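Structural overview
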Amino acid sequence: MPGNNRRIRGPEESQPPQLYTTDEDEVPAARDPTRLRPVYARAGLLSQAKGSAYLEAGGTKVLCAVSGPRQVEGGERGGGPAGAGGETPAALRGRLLCDFRRAPFSGRRRRAPPGGSEERELALALQEALEPAVRLGRYPRAQLEVSALLLEDGGSALAAALTAAAIALADAGIEMYDLVVGCGLSRAPGPEPTWLLDPTLLEEERAAAGLTVALMPVLNQVAGLLGSGEGGPTESWAEAVRLGLEGCQRLYPVLQQCLVRAARRRGAATPP
Amino acid sequence: MAFVALSEAEKVYIVHGVQEDLRMDGRGCEDYRCVEVETDVVSNTSGSARVKLGHTDILVGVKAEMGTPKLEKPNEGYLEFFVDCSANATPEFEGRGGDDLGTEIANTLYRIFNNKSSVDLKSLCISPREHCWILYVDVLLLECGGNLFDAISIAVKAALFNTRIPRVRVLEDEEGLKDIELSDDPYDCIQLSVENVPCIVTLCKIGYRHVVDATLQEEACSLASLLVSVTSKGVVTCMRKVGKGSLDPESVFEMMETSKRVGKVLHTSLQSVLRKEESLGPKRQKVGFLG
């Protein structure tokens, strides 16, 4: 009978069969450590969101939507002292709320939607990387909501989400100082470890350490940095950061073209 | 973090002081405040430590329990972190207010221990696929006075140094049934090696320079910080940028060099203090919470 739990005693938790196979000999193919996978970016595709973006890099597919600015129900708080240069006081500045979600079918194992602490950590990383770029002082008492949905994880998911979120914010017409471009890196285990730019899922899983760098290309400021693992001494990490920043600069022209195309499309759709 | 109200003039004063390598309490940019570490403060735990760094007070308790290993790693035990920001620390943490900060700190702790060399997880295995030791590391924030991450990582390292896991043997009888036997001697324990346990060094960018171990007032003047987790050998296990502002790439490289230097000094002094405290044995005077 379907759903007769009392008579049919099955295991409570289920696992995919891949866990029981030994696929340790699947080694990622050797490749140029500084190659970036070809990127497809499209802005302005969701009709219900103020701004949206879809980014595909290799096997990684991310969809990001921005809504707002919406009024915050925070209540009236008298503003503190005004910042230098007449900016809005800190208590009245706008807020950026980020949400990062993985689709249940995005990785090798199925993950149920309330993803838990890993998704909250990545959402916090998104927020910390986007805040330097957005002019929150221009949206007092307002809240901007950015939600990133990872449809398929093919390696460097956080970097792709960062880039998609920045394009979506620009598409929504939010005032920004600069775009934010993200780049992922991973370090292969072994005696002579080299840092690989833009790793695939297999390279990321076999890696000893991983790093995501977010750069504001025109201002040349590091907006976000998140890395962990046995990376080795600080010189190795410094080299990885340099490689990541270079990768971000190379990715920037693609995003510029994407935004120009989206603006043209919007201009053609609403005739003067 | 805790809210502190600073006027513009006070912020300018702090920033100008830091440019001259002189902070509000007279320290240099790379000096820590006075740190007090005491282990074995809670008797019901397998290991515990209390760290007082200026006005920041952290209490860590480690409990070792037996459980089943994770499916992907059948030969290893693991660590579980939980951080509780109590309402004593600052009124903002009342109710669920401290949950976000607690999850952020716990996630950072998971990240810094997420590699093969920090803690020898294979020594926590009792029998593969069936039993292993799980170390529940619970961090309690008693008072918040700036620089939480550093104090918590020092406390976690001290608590792991103090942890005593009872020695167990797995006996197999004729029918193949396994039985776990605890040793009769209560002092027969395994100690974890904390040689490669990392400590977090937080560097706050103030003006054009960066400072180590910022107080609450200095944190209010800083827009961006870099959190680096470094072991005693200078190996970096985690790097994270925290805060609303952005960092110059050159600053990032300088901060990483500083963290390596400062981290080495921190580790050597912490190791010497912990060894000295342990060598005093059961006769040492416990300071506890009122000292």
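It should be emphasised that the depicted structure is a prediction, and the values quoted were computed from it without experimental measurement.

What follows deals with the overall build of chain A. Per the secondary structure count, chain A includes 4 helices and 9 strands. Counting every position in chain A, which comprises 272 residues, the buried fraction comes to 44%. Expressed as a percentage of contacts within chain A between residues at least 6 apart in sequence, the contacts between residues at least 24 apart total 68%.

What follows deals with the sheet that holds strand E5 (residues 142-152) of chain A. Residues and elements named next belong to chain A. Taken in spatial order, the 5 strands of this open sheet run E1-E2-E3-E5-E4, and their pairing is mixed. Two strands in the sheet have a free side with no partner beyond their single neighbour: strand E1 (39-43) and strand E4 (95-102). Mean inter-strand twist for the sheet, computed between neighbouring axes without regard to direction, equals 15°. Sheet topology places E4 next to E5; 8 bridges connect them, and they run parallel. Following the sheet pairing, Arg 101 is matched in E5 by Leu 149. Set on the sheet, helix H1 (residues 117-130) makes contact with E4 and E5; between it and E4 the angle comes to about 140°. The strands touched by helix H4 (residues 234-269) within the sheet are E1 and strand E2 (51-57), with E1 carrying the most contacts at an inclination of about 30°.

Residues and elements named next belong to chain B. Taking the UniProt record as the reference, the feature "domain: Exoribonuclease phosphorolytic" (unreviewed entry) is found at residues 32-166 and 196-261. In residues 32-166, the share of helix is 21% and the share of strand is 38%. The end C-alpha atoms are 36 Å apart. Between the end C-alpha atoms of residues 196-261 the distance is 16 Å, and the span holds 29% helix and 42% strand.

Here we come to the packing of H1(A) against helix H2 (residues 99-112) of chain B. One way to put it is that H1(A) packs onto H2(B) with a least axis distance of 10 Å and a crossing angle of 100°. The orientation of H1(A) relative to H2(B) falls into the category roughly perpendicular. Only Thr103(B), Glu104(B), Asn107(B) and Arg111(B) of H2(B) make contact with H1(A), whose side of the interface consists of Ser117(A), Arg120(A), Glu121(A), Leu124(A) and Glu128(A). Counted by class, the contact of H1(A) with H2(B) contains 1 nonpolar, 3 polar and 5 charged residues.

Reading guide: rules and limits
Residues numbered from 1 in each chain as written. Chains lettered and ligands numbered in written order. Predicted model: local features only at pLDDT ≥ 70, side-chain atom pairs only at ≥ 80, totals over all residues. Heavy atoms only, no water. Helix = DSSP H or I, 4+ residues; strand = E, 2+ residues; numbered from the N terminus. Buried < 20%, exposed > 50% of the residue type's maximum accessible area, 1.4 Å probe, protein only. Contact = heavy atoms within 4.5 Å. Pairing = 2+ DSSP bridges. Axes fitted to C-alpha atoms, helices over the stretch in contact; angles between N-to-C directions. UniProt positions renumbered as here; feature names shortened; annotations may be inferred. Parallel < 35°, antiparallel > 145°, perpendicular 65-115°, else oblique. Nonpolar A, V, L, I, M, F, W, Y, C, P; charged D, E, K, R; others polar.

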